[in-house]
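Letter by letter, the chains look like this.
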Amino acid sequence: MLVWASAAAAAGGTPDRLRQQEIAQCLPQEIATWRDGADRPAMAPQLRWVYRHDGAPAWFDAATVLAAISRAAEAWSACGTTGQVALAMPGTVLADDVVLVQWSDADSRGNFGLASLGARKLSLGSAAFALLNSRNPGYPAGDTLQMVLSHEMGHFLGLMAHSRRCVDVMSYYVNGQGEHCFTRDGRMPGGSTDYRALLPTACDIERCRALNRPALVSRQP
Ligand SMILES: [Zn+2]
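Fair warning: this is a prediction, and the values are worked out from it, not measured in the lab.

What follows deals with the environment of Leu 157. Counting through the fold element by element, Leu 157 comes out in the loop between α5 (141-156) and α6 (202-218). For Leu 157, a relative accessible area of 0% corresponds to the buried category. Residues Leu 157 and Ala 42 lie 115 residues apart in sequence; the distance between their C-alpha atoms is 4.1 Å.

In C-alpha coordinates, the structure reads:
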(Lines give C-alpha, C1' and ligand atoms only; values in the text may rest on other atoms or scores of the structure.)
Protein backbone atom coordinates (compact mmCIF):
# COMPACT_ATOMS: atom_id res chain seq x y z
CA MET A 1 0.00 0.00 0.00
CA LEU A 2 1.15 3.51 -0.60
CA VAL A 3 -0.49 6.50 1.02
CA TRP A 4 2.04 9.19 0.18
CA ALA A 5 1.31 12.02 2.52
CA SER A 6 4.83 13.11 1.68
CA ALA A 7 4.55 12.88 -2.10
CA ALA A 8 4.86 16.62 -2.55
CA ALA A 9 6.81 17.45 0.61
CA ALA A 10 8.64 20.76 0.54
CA ALA A 11 12.11 22.07 1.48
CA GLY A 12 15.55 20.50 1.84
CA GLY A 13 17.00 18.46 -0.99
CA THR A 14 19.56 15.64 -0.96
CA PRO A 15 22.15 15.63 -3.74
CA ASP A 16 20.72 13.85 -6.73
CA ARG A 17 24.02 12.09 -7.42
CA LEU A 18 23.89 10.24 -4.12
CA ARG A 19 20.29 9.24 -4.86
CA GLN A 20 21.37 7.87 -8.25
CA GLN A 21 24.16 5.86 -6.58
CA GLU A 22 21.71 4.43 -4.06
CA ILE A 23 19.34 3.45 -6.86
CA ALA A 24 22.08 1.69 -8.83
CA GLN A 25 23.99 -0.03 -6.02
CA CYS A 26 22.90 -2.06 -2.99
CA LEU A 27 25.37 -2.54 -0.15
CA PRO A 28 24.87 -5.75 1.90
CA GLN A 29 23.98 -3.94 5.14
CA GLU A 30 21.45 -1.75 3.34
CA ILE A 31 18.80 -4.44 2.90
CA ALA A 32 16.51 -3.62 5.82
CA THR A 33 12.75 -3.51 6.19
CA TRP A 34 10.28 -2.04 8.64
CA ARG A 35 9.35 -5.68 9.55
CA ASP A 36 5.73 -4.85 8.77
CA GLY A 37 5.03 -7.87 6.61
CA ALA A 38 6.18 -11.43 5.87
CA ASP A 39 8.08 -11.66 2.58
CA ARG A 40 7.43 -14.70 0.40
CA PRO A 41 7.91 -15.88 -3.18
CA ALA A 42 5.83 -14.33 -5.98
CA MET A 43 2.29 -15.63 -6.48
CA ALA A 44 3.24 -17.08 -9.87
CA PRO A 45 6.62 -17.59 -11.56
CA GLN A 46 5.75 -15.29 -14.48
CA LEU A 47 3.02 -12.86 -13.58
CA ARG A 48 1.11 -11.14 -16.37
CA TRP A 49 -0.47 -7.72 -15.99
CA VAL A 50 -3.75 -6.81 -17.68
CA TYR A 51 -4.90 -3.20 -17.59
CA ARG A 52 -8.43 -1.78 -17.54
CA HIS A 53 -8.57 1.93 -18.28
CA ASP A 54 -12.15 2.80 -17.25
CA GLY A 55 -12.35 5.15 -14.30
CA ALA A 56 -8.88 6.63 -14.94
CA PRO A 57 -8.28 10.35 -14.27
CA ALA A 58 -8.80 12.43 -17.43
CA TRP A 59 -5.11 13.43 -17.56
CA PHE A 60 -3.91 9.85 -18.01
CA ASP A 61 -4.66 8.21 -21.35
CA ALA A 62 -4.58 4.43 -21.71
CA ALA A 63 -1.28 4.43 -23.62
CA THR A 64 0.42 6.45 -20.86
CA VAL A 65 -0.69 4.08 -18.13
CA LEU A 66 0.14 0.98 -20.18
CA ALA A 67 3.61 2.37 -20.83
CA ALA A 68 4.12 2.95 -17.11
CA ILE A 69 2.99 -0.61 -16.32
CA SER A 70 5.39 -1.92 -18.95
CA ARG A 71 8.30 0.10 -17.54
CA ALA A 72 7.66 -1.22 -14.04
CA ALA A 73 7.29 -4.83 -15.28
CA GLU A 74 10.44 -4.50 -17.35
CA ALA A 75 12.41 -3.11 -14.40
CA TRP A 76 11.18 -5.89 -12.08
CA SER A 77 12.07 -8.51 -14.72
CA ALA A 78 15.65 -8.18 -13.41
CA CYS A 79 14.25 -10.34 -10.58
CA GLY A 80 13.19 -12.98 -13.11
CA THR A 81 9.55 -13.17 -12.11
CA THR A 82 7.46 -10.81 -14.14
CA GLY A 83 5.94 -11.07 -17.56
CA GLN A 84 3.76 -9.53 -20.21
CA VAL A 85 1.51 -6.49 -20.08
CA ALA A 86 -1.75 -6.19 -22.05
CA LEU A 87 -4.92 -4.14 -22.26
CA ALA A 88 -8.00 -5.92 -20.87
CA MET A 89 -10.64 -6.98 -23.37
CA PRO A 90 -14.27 -6.72 -22.21
CA GLY A 91 -15.51 -9.95 -20.68
CA THR A 92 -12.08 -11.55 -20.51
CA VAL A 93 -11.76 -14.23 -17.85
CA LEU A 94 -8.40 -13.76 -16.18
CA ALA A 95 -6.08 -16.74 -15.71
CA ASP A 96 -4.38 -17.53 -12.39
CA ASP A 97 -1.12 -15.88 -13.33
CA VAL A 98 -2.79 -12.60 -14.33
CA VAL A 99 -3.06 -9.52 -12.14
CA LEU A 100 -5.74 -7.00 -13.11
CA VAL A 101 -4.53 -3.41 -12.94
CA GLN A 102 -7.61 -1.24 -12.50
CA TRP A 103 -8.84 2.15 -11.28
CA SER A 104 -11.10 1.73 -8.28
CA ASP A 105 -11.50 4.08 -5.33
CA ALA A 106 -13.39 1.36 -3.47
CA ASP A 107 -10.62 -1.22 -3.90
CA SER A 108 -7.74 1.24 -3.40
CA ARG A 109 -9.43 2.54 -0.23
CA GLY A 110 -8.25 6.13 -0.52
CA ASN A 111 -4.65 5.20 -1.36
CA PHE A 112 -2.79 5.95 -4.58
CA GLY A 113 -2.50 2.21 -4.99
CA LEU A 114 -3.30 -1.02 -3.20
CA ALA A 115 -2.27 -4.59 -3.97
CA SER A 116 -4.92 -7.20 -3.21
CA LEU A 117 -3.01 -10.44 -3.62
CA GLY A 118 -5.97 -12.72 -2.96
CA ALA A 119 -8.14 -10.99 -5.56
CA ARG A 120 -5.16 -10.52 -7.93
CA LYS A 121 -6.02 -6.84 -8.32
CA LEU A 122 -3.65 -3.90 -8.36
CA SER A 123 -6.01 -1.01 -7.72
CA LEU A 124 -5.18 2.61 -8.47
CA GLY A 125 -7.11 5.39 -6.73
CA SER A 126 -8.35 8.13 -9.04
CA ALA A 127 -9.57 10.15 -6.02
CA ALA A 128 -6.04 10.21 -4.54
CA PHE A 129 -4.61 11.34 -7.88
CA ALA A 130 -7.35 13.96 -8.21
CA LEU A 131 -6.48 15.30 -4.75
CA LEU A 132 -2.78 15.48 -5.64
CA ASN A 133 -3.70 17.29 -8.84
CA SER A 134 -5.95 19.82 -7.13
CA ARG A 135 -3.44 20.55 -4.34
CA ASN A 136 -0.42 20.76 -6.59
CA PRO A 137 -1.32 20.91 -10.31
CA GLY A 138 2.36 21.26 -11.27
CA TYR A 139 3.39 18.01 -9.57
CA PRO A 140 4.40 15.34 -12.11
CA ALA A 141 1.49 12.93 -11.70
CA GLY A 142 3.13 10.54 -14.17
CA ASP A 143 6.03 10.09 -11.73
CA THR A 144 3.63 9.28 -8.90
CA LEU A 145 1.81 6.82 -11.14
CA GLN A 146 5.11 5.15 -12.08
CA MET A 147 6.18 4.89 -8.45
CA VAL A 148 2.83 3.51 -7.31
CA LEU A 149 2.81 0.85 -10.04
CA SER A 150 6.40 -0.21 -9.28
CA HIS A 151 5.66 -0.34 -5.55
CA GLU A 152 2.43 -2.35 -5.79
CA MET A 153 3.98 -4.78 -8.30
CA GLY A 154 6.68 -5.40 -5.73
CA HIS A 155 4.03 -6.65 -3.30
CA PHE A 156 2.80 -9.15 -5.93
CA LEU A 157 6.39 -10.31 -6.38
CA GLY A 158 6.48 -11.20 -2.70
CA LEU A 159 8.01 -8.12 -1.07
CA MET A 160 5.40 -7.76 1.63
CA ALA A 161 7.48 -5.82 4.17
CA HIS A 162 8.29 -2.21 3.34
CA SER A 163 11.90 -1.17 2.92
CA ARG A 164 13.56 1.09 5.45
CA ARG A 165 15.98 2.44 2.83
CA CYS A 166 14.38 5.71 1.72
CA VAL A 167 15.30 5.46 -1.95
CA ASP A 168 13.80 1.99 -2.48
CA VAL A 169 10.53 1.95 -4.38
CA MET A 170 9.23 -0.36 -1.61
CA SER A 171 10.01 2.15 1.15
CA TYR A 172 8.08 4.49 3.34
CA TYR A 173 9.72 7.33 5.21
CA VAL A 174 8.34 7.48 8.76
CA ASN A 175 6.54 4.93 10.91
CA GLY A 176 3.89 5.45 13.56
CA GLN A 177 6.56 5.84 16.26
CA GLY A 178 8.31 8.65 14.40
CA GLU A 179 11.25 6.47 13.29
CA HIS A 180 12.75 7.39 9.91
CA CYS A 181 14.02 5.59 6.84
CA PHE A 182 17.75 5.88 6.14
CA THR A 183 19.96 7.36 3.42
CA ARG A 184 23.72 7.06 2.93
CA ASP A 185 24.44 10.60 4.08
CA GLY A 186 21.89 10.48 6.88
CA ARG A 187 19.75 13.24 5.41
CA MET A 188 16.01 12.80 5.33
CA PRO A 189 14.14 13.03 2.03
CA GLY A 190 12.97 16.51 1.18
CA GLY A 191 12.64 18.67 -1.89
CA SER A 192 9.87 19.29 -4.33
CA THR A 193 10.13 15.81 -5.83
CA ASP A 194 10.12 12.47 -4.07
CA TYR A 195 13.41 10.90 -2.98
CA ARG A 196 11.97 7.43 -3.48
CA ALA A 197 12.84 5.88 -6.84
CA LEU A 198 10.23 5.54 -9.59
CA LEU A 199 11.37 2.02 -10.46
CA PRO A 200 12.80 -0.81 -8.33
CA THR A 201 16.30 -0.07 -7.03
CA ALA A 202 19.26 -2.45 -6.77
CA CYS A 203 18.17 -3.33 -3.20
CA ASP A 204 14.53 -3.90 -4.24
CA ILE A 205 15.73 -6.27 -6.98
CA GLU A 206 18.14 -8.05 -4.66
CA ARG A 207 15.39 -8.64 -2.09
CA CYS A 208 13.10 -9.93 -4.82
CA ARG A 209 15.77 -12.29 -6.16
CA ALA A 210 16.48 -13.68 -2.71
CA LEU A 211 12.78 -14.39 -2.17
CA ASN A 212 12.24 -16.01 -5.52
CA ARG A 213 15.55 -17.82 -5.92
CA PRO A 214 14.44 -21.14 -4.30
CA ALA A 215 11.42 -21.34 -6.59
CA LEU A 216 13.53 -20.58 -9.65
CA VAL A 217 16.07 -23.27 -8.71
CA SER A 218 13.43 -25.92 -8.01
CA ARG A 219 11.89 -25.45 -11.46
CA GLN A 220 15.12 -26.31 -13.22
CA PRO A 221 15.39 -29.88 -14.53
ZN1 LIG B 1 3.10 -0.98 0.13
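Back to the write-up after that little detour.
To continue, consider the pattern of salt bridges. For the structure on display, the rule yields 11 salt bridges. For Arg 184, the salt bridge goes to Glu 30, with nearest N and O atoms at 2.7 Å. Highlighted residues: Arg 184 in the loop between α5 and α6 and Glu 30 in the loop between α1 (16-24) and β1 (47-51), separated in sequence by 154 residues. Among the residues examined, Glu 30 registers a relative accessible area of 6% and is labelled buried. With a shortest N-O distance of 3.8 Å, Asp 96 and Arg 120 are connected by a salt bridge. Of this pair, Asp 96 sits in the loop between β2 (82-87) and β3 (98-103) while Arg 120 sits in the loop between β4 (113-116) and β5 (121-124); the two residues are 24 residues apart in sequence, bridging distant segments of the chain. The exposure class of Asp 96 is exposed, given its relative accessible area of 64%. Each of Glu 30, Arg 165, Asp 168 and Arg 184 takes part in salt bridges that share partners, so that together they form one network.

Packing of helix α2 (residues 62-76) against α5 brings their axes to within 9 Å, and their N-to-C directions diverge by 45°. As far as their axial angle goes, α5 and α2 are oblique. α5 is crossed by α2, and the crossing has right-handed handedness. Taking contact as the criterion, the partners of Val 65, Ala 68, Ile 69, Arg 71, Ala 72, Ala 73 and Trp 76 in α2 are, on α5, Leu 145, Gln 146, Leu 149, Ser 150, Met 153 and Gly 154.

Looking now at the state of the cysteines. Counting across every chain of the model gives three disulfides. Between Cys 26 and Cys 203 runs a disulfide, and the two sulfur atoms are separated by 2.0 Å. Its S-S torsion of about 90° marks the bond between Cys 26 and Cys 203 as right-handed, since a negative value means left-handed. Highlighted residues: Cys 26 in the loop between α1 and β1 and Cys 203 in helix α6, separated in sequence by 177 residues. Neither Cys 26 nor Cys 203 differs from the other in exposure class; each is buried. Of note for the protein: the bonded cysteines, numbered N- to C-terminal, pair according to 1-5, 2-6, 3-4.

Rules behind the numbers
- Residues numbered from 1 in each chain as written.
- Predicted model: local features only at pLDDT ≥ 70, side-chain atom pairs only at ≥ 80, totals over all residues.
- Heavy atoms only, no water.
- Helix = DSSP H or I, 4+ residues; strand = E, 2+ residues; numbered from the N terminus.
- Buried < 20%, exposed > 50% of the residue type's maximum accessible area, 1.4 Å probe, protein only.
- Salt bridge = Lys/Arg side-chain N within 4 Å of Asp/Glu carboxyl O.
- Axes fitted to C-alpha atoms, helices over the stretch in contact; angles between N-to-C directions.
- Parallel < 35°, antiparallel > 145°, perpendicular 65-115°, else oblique.
- Left-handed = near helix turned anticlockwise from the far one by under 90°.
- Contact = heavy atoms within 4.5 Å.
- Disulfide = S-S within 2.5 Å.

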